[in-house]
Amino acid sequence: FSQVWDANPSGRAARSDDLIYWRKAIMYPDGDLLAMYIAAGDTPWGYGLVRLDADSNVIWRYKAATHHDIDIAPDGRVITLTHEFSYREFPDFPNLARPWLDDFLVVLDGNTGEEQRRISLFDAFYDSRFQPLLTAIPSFAVEDPLHTNSVQYIDQGLADRFAPANGRGNQVLLSFRHPGAPGLVDLDSGQMTWATRGAWLGQHFARALPNGHFTLFDNIGNFEPGNTTRLLEIDPSTDEIVWRYQGTRDQPFESRLRGASTTLPNGNHLVTESDGGRLFEVTPERDIVWEFVNPVREGDRDQYIPVVSSGQRIKPEALDPAFRARLNAP
């Protein structure tokens with residue numbers, strides 16, 4: 001971080017490099033990396049976004065409190081989240097702390113990092129017909145009422161299949177942890193067009209699927225000792241859970257604070273069990289194909305394991321030929 005910036009996005013002295021890490025990184029076909037910095041022990045905790053080439057040269061940098069997730073639209077635009085302190089008051093929601101963290105949905109030019117759109121997500125929620133969902137925010141979260149934790153760009157093709165989008169592309173599917181709701185926000189109007197609640201708790205990583213369903217990483221909705229976490233696939237037309245994966249005694253599954261699941265083209269799920277320091281791939285039949293467990297340990301009894309923040313499945317044939325040649329070189 002110190003090679004990119006000398007202060008945090010608020011202008012204060014930054015945390016030391018050993019307390020800053022990449023929350024998520026996405027690799028482009030040419031080897032560029034789009035990476036998000038996060039700092040431990042600071043609020044706002046987002047520390048900015050950077051695009052690097054395959055030799056770690058900085059192409060562009062976006063200095064704002066980016067956090068949790070990134071997506072790339074088919075036209076190259078970068079979709080992400082930022083947050084900042086606010087002292088604004090809302091008559092129908094008087095219990096907000098002072099200050100409180102407001103989340104923003106941000107669109108960047110993928111080639112330059114220039115900010116193109118910025119939408120207050122609390123405003124979008126508050127001004128929508130889904131405002132009553134804000135009453136579900138727990139008392140411990142009045143300083144961070146939404147805790148938005150995922151973004152997925154909905155293009156026209158996906159909008160035609162995902163019923164809540166009503167056939168309108170250029171929307172973003174988000175996960176709002178503290179109201180317990182996934183929701184859609186229209187990038188053209190800035191309005192929230194859909195939101196729902198269900199049998200999940202503390203969820204992350206909402207993802208719409210080509211079959212019209214959506215998946216959630218349900219962090220603490222399983223209520224089984226050592227197996228609090230589930231993956232859910234939900235039909236938004238009926239609110240029915242049509243598929244789930246949860247751990248077993250032999251293969252426990254628990255990540256209370258973080259996590260992600262990406263549905264692969266073959267129907268398998270690439271799962272980031274963050275708090276367990278684990279990546280694995282599971283089939284629709286719930287068989288584990290492979291798993292990786294972070295080998296690093298710390299503590300006087302090796303009881304601590306570093307979190308795994310994200311994973312990306314990369315098909316070698318999708319990489320640019322010149323970059324593949326570099327990877328294959330001695």
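Rules and cut-offs
- Residues numbered from 1 in each chain as written.
- Predicted model: local features only at pLDDT ≥ 70, side-chain atom pairs only at ≥ 80, totals over all residues.
- Heavy atoms only, no water.
- Helix = DSSP H or I, 4+ residues; strand = E, 2+ residues; numbered from the N terminus.
- Rg over C-alpha atoms; globule rule 2.2 N^0.38 Å.
- Buried < 20%, exposed > 50% of the residue type's maximum accessible area, 1.4 Å probe, protein only.
- Contact = heavy atoms within 4.5 Å.
- Areas by Shrake-Rupley, 256 points an atom, 1.4 Å probe, with all protein chains shown as cover.
- Lys, Arg positive; Asp, Glu negative; His and termini not counted.
- Charge placed at Lys NZ, Arg CZ, Asp CG, Glu CD.
- Polar contact = N/O pair within 3.5 Å; in protein donor to acceptor, adjacent residues only side chain to side chain.
- Pairing = 2+ DSSP bridges.
- Axes fitted to C-alpha atoms, helices over the stretch in contact; angles between N-to-C directions.
- Phe/Tyr/Trp six-rings, centres within 6.5 Å; stacked < 30°, edge-to-face > 60°.
- Lys NZ or Arg CZ within 6 Å of the ring centre and 35° of its normal.

Student: When you look at the overall build of the protein in this model, what are you seeing that I'm missing?
Tutor: When its secondary structure is counted, the protein shows three helices and 20 strands. The C-alpha atoms of the protein give 20 Å as radius of gyration, which agrees with the globular expectation for 330 residues (20 Å, within 12%). Every one of the 330 residues in the protein was classed for burial, and the buried ones make up 52%. A sequence separation of at least 24 residues applies to 48% of the contacts in the protein between residues at least 6 apart. As displayed, the protein offers around 15400 Å² of accessible surface, 48% of which is attributable to carbon and sulfur atoms. The positive charge centre, built from 31 side chains, and the negative charge centre, built from 46, are 2 Å apart in the protein.

Student: Explain the side chain of Ser86 to me, please; I cannot follow it from the model alone.
Tutor: Its place among the elements puts Ser86 in strand β6 (residues 78–86). At 3.1 Å, the side chain of Ser86 forms a polar contact with the backbone nitrogen of Arg88.

Student: Would you mind going over the side chain of Arg207 with me for this structure?
Tutor: Looking at where Arg207 falls in the secondary structure, it is placed in strand β13 (residues 204–208). Residue classification places Arg207 among the buried residues on the basis of a relative accessible area of 12%. Among the polar contacts made by the side chain of Arg207, one reaches the side chain of Asp69 at a distance of 3.0 Å. Leaving out residues up to four positions away in the same chain, Arg207 has contacts with Lys24, Asp69, Ser150, Val151, Gln152, Leu173, His213, Phe214, Thr215 and Ser261.

Student: Help me understand the sheet that holds β6, please; the structure alone is not making it clear to me.
Tutor: Note on sheets: strands pair through backbone hydrogen bonds, and any given pair is parallel or antiparallel. Strand order across the open sheet formed by four strands is β5-β6-β7-β8, with antiparallel pairing between neighbours. Looking at which strands have only one partner, the edges of the open sheet turn out to be β5 (66–72) and β8 (115–120). Sheet twist, expressed as the average angle between the axes of neighbouring strands with direction ignored, equals 25°. The pairing of β6 with strand β7 (residues 100–108) spans nine bridges and is antiparallel. By the bridge assignment, Thr80 is partnered in β7 with Val106.

Student: Teacher, can you tell me more about the packing of aromatic side chains here?
Tutor: By convention here, two paired aromatic rings are described through the distance between centres and the angle between planes. Inspection of the entire model under this criterion finds 20 aromatic pairs. Ring centres of Trp5 and Tyr37 lie 6.1 Å apart, and the angle between their planes is 75°; on these two criteria the pair is classed as edge-to-face. Of this pair, Trp5 sits in the segment before β1 (20–27) while Tyr37 sits in strand β2 (residues 33–39), and the two are 32 residues apart along the sequence. Tyr37 shares its class with Trp5; the two are buried. A ring pair is formed by Phe162 and Trp194, whose centres lie 5.9 Å apart and whose planes are at 85°; its orientation type is edge-to-face. Here Trp194 lies in strand β12 (residues 192–195) and Phe162 lies in the loop between α2 (156–159) and β10 (171–176), a separation of 32 residues in the sequence. The pair formed by Phe162 and Trp194 is uniform in burial state, with each residue classed as buried. These aromatic residues form a ring-pair network of at least three members: Phe1, Trp5, Trp22, Tyr37 and Tyr47. Seen from the ring of Phe104, Arg118 lies directly overhead, with NZ or CZ sitting 3.7 Å from the centre. In this arrangement the basic side chain of Arg278 is found over the ring face of Phe280, its NZ or CZ atom lying 4.0 Å from the centre.

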